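# Descriptive analysis of the structure
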Amino acid sequence: QVQLVESGGGLAQAGGSLRLSCAASGSIFSFKSMDWYRQTPGKQRELVADISSGSSTNYADSVKGRFTASRDNAKNTVYLQMNSLKPEDTAVYYCHGVTWIQENYWGRGTQVTVSS
């Protein structure tokens, strides 16, 4: 059973930066893709960015040009670099992975709060 553990959340000012990490207990090569989602109270979880096993990425329009997803296969870790943060980026951020046999894994989330 693979576990995903997020870290790096916290408080930032508008215009600032944070880098989230998602460490997998096993090899991230087990995952066809890994994603970052976020959720605010009363809203559905929203896909923010995804990164494939080949490191191709896709982003939600709301974060394009500001967020960058990357992966370090040697460390079994994926990252989300968040720049030019806005108050509307405030959410709990979740790491998610889909394996080659369609198993889904979620981390427990990390809170990001952006003050204006």
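Residues numbered from 1 in each chain as written. Predicted model: local features only at pLDDT ≥ 70, side-chain atom pairs only at ≥ 80, totals over all residues. Heavy atoms only, no water.

### Things to note about the nonpolar core
If you look at the biggest cluster of nonpolar residues, it comprises 28 residues, and the most contacted ones within it are L4, M34, L80, M82 and Y93. Elements supplying a minimum of two residues to this core: β3 (18-24), β4 (31-39), β5 (46-52), β7 (67-72), β8 (77-82), β9 (91-99) and β11 (110-115). Residue contributions to this core peak at four residues, all from β3. Leaving out residues up to four positions away in the same chain, Y93 has contacts with E6, L20, Y37, R38, V48, F67, L80, M82, G109, T110 and V112. (Core = buried A, V, L, I, M, F, W, Y, C linked by side-chain atoms within 4.5 Å. Buried < 20%, exposed > 50% of the residue type's maximum accessible area, 1.4 Å probe, protein only. Helix = DSSP H or I, 4+ residues; strand = E, 2+ residues; numbered from the N terminus. Contact = heavy atoms within 4.5 Å.)

### Observations regarding the side chain of R71
Among the structural elements, R71 can be located in strand β7. Among the polar contacts made by the side chain of R71, one reaches the main-chain carbonyl oxygen of S52 at a distance of 2.8 Å. One polar contact links R71 to N73, side chain to side chain, over a distance of 2.9 Å. Those residues in contact with R71 that sit more than four places away from it in its chain are I28, F29, I51, S52, S53, S55, T77 and V78. (Polar contact = N/O pair within 3.5 Å; in protein donor to acceptor, adjacent residues only side chain to side chain.)

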